[in-house]
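# Reading the structure
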Amino acid sequence: MAASSIIDLRRLLAERFPQTFAPAADRLTTGLPAIDAAIGGLPKNAITELSSPNLSAGSTLLIHVLLQNAYRDGFFVALVDGKDSFDPHTAGSAVLPNLLWLRCRHASQAIQAADLLLRDGNFPLVILDLVLNARDELRKIPQTHWYRLQRLVEAAPSAFLVLTRRSMISSAQLKLFLDNAWRLSDLEQPDLNRRLKIQVERVHGGKEMMATAG
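Computed from a predicted structure; not experimentally measured. (Residues numbered from 1 in each chain as written. Predicted model: local features only at pLDDT ≥ 70, side-chain atom pairs only at ≥ 80, totals over all residues. Heavy atoms only, no water.)

Further remarks concern the overall build of the chain. If you tally the helices and strands in the chain, you get 6 helices and 10 strands. Taking all 214 residues of the chain together, 49% fall into the buried category. Look at the contacts in the chain between residues 6 or more apart in sequence, and 68% of them connect residues 24 or more apart. As presented, the chain carries roughly 10,300 Å² of accessible surface, and 50% of it is formed by carbon and sulfur atoms. (Helix = DSSP H or I, 4+ residues; strand = E, 2+ residues; numbered from the N terminus. Buried < 20%, exposed > 50% of the residue type's maximum accessible area, 1.4 Å probe, protein only. Contact = heavy atoms within 4.5 Å. Areas by Shrake-Rupley, 256 points an atom, 1.4 Å probe, with all protein chains shown as cover.)

All chains considered together, the criterion is met by 1 aromatic pair. Centroid distance F86 to W101: 5.7 Å. Interplanar angle 75°. Geometry classified as edge-to-face. Here W101 lies in strand 5 (residues 99-103) and F86 lies in the loop between strand 4 (77-81) and strand 5, a separation of 15 residues in the sequence. For F86, a relative accessible area of 9% translates into the label buried. (Phe/Tyr/Trp six-rings, centres within 6.5 Å; stacked < 30°, edge-to-face > 60°.)

Looking now at the confidence of the model for the chain. Across the chain, the average pLDDT comes to 81, with 74% of residues at or above 70. At the level of individual helices and strands, the chain shows its lowest average pLDDT in strand 10 (residues 208-212), which scores 41, and its highest in strand 6 (residues 125-129), which scores 97. When the criterion is pLDDT under 50, residues 19-24 qualifies, and its contacts beyond four places in sequence or with other chains add up to 13 contacts. Residue range residues 184-188 is modelled with pLDDT below 50. Its contacts to residues more than four positions away, or to other chains, number 4 contacts. (pLDDT = per-residue confidence, 0-100.)

This part is about the pairing of strand 4. For a regular strand, side chains alternate in direction, first toward one face of the sheet and then toward the other. The buried count for strand 4 comes to 5 of 5 residues, which makes it a mostly enclosed element. The side-chain alternation of strand 4 yields two buried faces, one formed by V77, L79 and D81 and the other by A78 and V80. In terms of strand pairing, strand 4 meets strand 5 through 5 bridges, oriented parallel. The partner of V80 across the bridge, within strand 5, is L102. Sheet topology note: the strand 4/strand 6 ladder contains 5 bridges and is parallel. (Pairing = 2+ DSSP bridges.)

Here the structure, examined in full by the defined rule, presents 8 salt bridges. The partner of K175 in a salt bridge is E49, with the nearest N and O atoms 3.4 Å apart. Taken together, the residues K175 in strand 8 (residues 174-178) and E49 in strand 3 (residues 46-51) connect sequence positions 126 residues apart. Here K175 matches E49 in class, with each residue buried. Between D73 and R72 there is a salt bridge whose closest N-O contact spans 4.0 Å. Residue classification places D73 among the partly exposed residues on the basis of a relative accessible area of 34%. Residue class for R72 comes out exposed when judged on its relative accessible area of 55%. Put simply, D84, R103 and R105 are held in one network by salt bridges that share partners. (Salt bridge = Lys/Arg side-chain N within 4 Å of Asp/Glu carboxyl O.)

Pasting the structure below:
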């Protein structure tokens, strides 16, 4: 995604939605019991890293739940798609008006897009999905980039969620781990979002706990 394209999308969104609703308080509820019940939601003004080491851990389902929650509560979500892998049809047409989807092909492009969105400060939730980006791409991202993004989100009324395959962001205030390994037959079960197993680690303060939905 070229920087000029991102700027054009920001301008278009500002024209169509001049006042974005930003939920109050310092946490953004997610609609996921494993997160909301354990810590009250995603912290604003901070980076949250969610790692899913297993191939079928449920990161796509988590994105769908977050979009449904944004639609229900009436705010907008920016999704920076690091490998152009998101399928909007699977999310349902009702939630798409609340989504700004930035399609990138490389991690470097995705980092640049996230930088611009956090500077814009117009989204209660910014998601950066790097789950499918190659490990070599991610290794080339200097930690200084993450510290710069942390400084940007500290000044923005946003929760910043980064999805990765392996934990890699030293500046993340909170780290979550999807502890699922589903088969195709599991995907046919009802209320799958309530079966998401999420390990929550409090990075600042050193306290750890396991939170499991359902």
